[in-house]
Amino acid sequence: TYDVMAPGSMSWNARSLGRMRLPQLLSYPWQLLSQLRADRPDLLIGASDIPHVVLTAWLSRQLGIPYALDLYDNFEGFGQAQIPGAVSALRWAVRHAGATIAVSEPLRNWVQAHYGNVGPVLVMPNAIDKALFKTGSRSLARQRLGLPQNAELVGTAGGLSRSKGVDTLYEAWPLIAAMRPRARLVLAGQMECSLPLPAGDRVHYLGNLPHERVVDLFQALDVGVVTVTDSTFGRYCFPQKAFEMLACGLSVVASDVGVMAELLKEFPALRYQPQNVLGLVQAITYQLDQQVHVPLPIHDWEELVRAIAPTLCALHRASAQINTYRS
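Residues numbered from 1 in each chain as written. Predicted model: local features only at pLDDT ≥ 70, side-chain atom pairs only at ≥ 80, totals over all residues. Heavy atoms only, no water.

Caption draft 1: Layout of the overall build of the protein. The helix and strand tally for the protein stands at 11 helices and 10 strands. Relative to its 327 residues, the protein shows a buried fraction of 45%. Across the protein, every contact between residues at least 6 apart in sequence was considered, and the portion connecting residues at least 24 apart equals 66%. Taken as two groups, the 28 positive and 26 negative side-chain charges of the protein have centres that lie 4 Å from each other. (Helix = DSSP H or I, 4+ residues; strand = E, 2+ residues; numbered from the N terminus. Buried < 20%, exposed > 50% of the residue type's maximum accessible area, 1.4 Å probe, protein only. Contact = heavy atoms within 4.5 Å. Lys, Arg positive; Asp, Glu negative; His and termini not counted. Charge placed at Lys NZ, Arg CZ, Asp CG, Glu CD.)

This is the structure we're talking about:
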């Protein structure tokens, strides 16, 4: 036996495929196979997107070693899924994996229901840095961001796009502003060019905050909004910012979709139906008045890895025993 969390080392080799010409791109799998033969890994873990998941399955067969897959999103919601044969190849790779890691319980259920006879499917949600995202002084956080001390601050951070459902928050804001004279809307993240921010001097746009400054935002707000669309992506994703908000002691409201519907199942007043502007207004005003804090366990990466490491180690041990028997 050995400690799966013992210190180790990692060699990182990243390559951009964007500038490769077609012959170089086609030779990439063979270059990777040659490198892996030299490195002699015990186990492959495929992630990132559909091509890399399928490539991992192919490499596993060439090398005669087991592989696991990390579905950190529903890859069928990616643009690559529109390529003919891509979804079939993805499902084939998942069916033959020794184990699959899904980012959420809804995604695990989807894989088990639609991908055929698959191996164990584990759930590993996104983790947060609990040393960074934690409770702190609301007053100091507002001071650091230049936000008003005596206002009711409602906001969010991340991709400010329709695909993330933030347009519903934009539509809700004028109604909230009319009802709550002290309310301010605070936003941070990448804007969508075709989706302008709400107008007015009570809207604060902080730009693209560095990750460590997002903590200040979540400590400064009165209510954090987690917008998720009812889409192929939204139903199976795991909104990491929800746990980052909760770790900072922030009161939240969220779309009644996927993981958030499950996490907030005991708090119906904190959920709203996607694109339901009045429902979002009601949830936000309720939280501004009640300041309900949702008591959920929040894990860091070490805690999550400890939960899945035994399965990955068992894959390696089973493969080693088979190879020993064959030799």
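Caption draft 2: Representation of the nonpolar core within the structure. Val-94, Val-111, Phe-133, Leu-217 and Phe-218 are the most contacted members of the largest nonpolar core, which has 68 residues in total. Among all residues touching Val-111, those that are not within four sequence positions of it are Leu-71, Val-94, Gly-116, Val-118 and Val-121. If you look at the next biggest cluster of nonpolar residues, it comprises 24 residues, including Trp-173, Tyr-272, Leu-280 and Ala-283. (Core = buried A, V, L, I, M, F, W, Y, C linked by side-chain atoms within 4.5 Å.)

Caption draft 3: Inspection of the pairing of strand E9 (residues 251–255) at higher detail. For E9, a buried count of 5 out of 5 residues is recorded, marking the element as mostly surrounded by other parts of the structure. Pairing analysis gives 4 bridges linking strand E8 (residues 223–226) to E9, with the strands arranged parallel. Across the sheet, the residue bridging to Val-225 is Val-253, located in E9. After leaving E8, the chain enters helix H8 (residues 240–247) and then returns to the sheet as E9, a path that is right-handed. Of the pairings in the sheet, the one linking E9 to strand E10 (residues 271–272) comprises 2 bridges and is parallel in character. (Pairing = 2+ DSSP bridges. Right-handed = clockwise from strand over helix to strand, strands pointing away.)

Caption draft 4: Highlighting the sheet that holds E8. Taking strand neighbours across the sheet as the criterion, the 6 strands line up as E7-E6-E5-E8-E9-E10 in an open arrangement whose pairing is parallel. The sheet is open, and its two borders are formed by strand E7 (203–205) and E10, each paired with just one other strand.

Caption draft 5: Molecular detail of the pattern of salt bridges. The full count for this structure, using the stated rule, is 15 salt bridges. As a salt-bridge pair, Arg-180 and Glu-152 come within 2.9 Å of each other at their nearest N and O atoms. Within this pair, whereas Arg-180 is found in the loop between helix H6 (166–179) and strand E6 (183–188), its partner Glu-152 is found in strand E5 (residues 152–157), the two being separated by 28 residues in sequence. For the pair formed by Arg-180 and Glu-152, the shared burial category is buried. In this structure, the salt-bridge partner of Glu-262 is Lys-265, at a minimum N-O distance of 3.0 Å. (Salt bridge = Lys/Arg side-chain N within 4 Å of Asp/Glu carboxyl O.)

Caption draft 6: Focus on the pairing of strand E2 (residues 67–71). Taking burial as the measure, the 5 residues of E2 include 4 buried ones, the bulk of the element. With 3 bridges joining them, strand E1 (residues 44–46) and E2 adopt parallel strand pairing. For Gly-46, the partnering residue across the bridge sits in E2 and is Leu-69. With helix H2 (residues 50–63) bridging E1 and the parallel E2, this β-α-β connection has right-handed handedness. Judged from the 4 bridges that link them, E2 and strand E3 (residues 99–102) form a sheet pairing that is parallel. Directly across from Leu-69, in E3, lies its bridge partner Thr-100. Traced from E2 through helix H3 (residues 86–95) to E3, the parallel crossover comes out right-handed.

Caption draft 7: Summary view of the packing of aromatic side chains. Under the counting rule described, the total for this entry stands at 6 aromatic pairs. Consider the rings of Trp-30 and Trp-58, whose centres lie 4.9 Å apart with planes at 85°: the pair is edge-to-face. Here Trp-58 lies in helix H2 and Trp-30 lies in helix H1 (residues 22–39), a separation of 28 residues in the sequence. Of the residues examined, Trp-58 reaches a relative accessible area of 25% and is grouped as partly exposed. (Phe/Tyr/Trp six-rings, centres within 6.5 Å; stacked < 30°, edge-to-face > 60°.)

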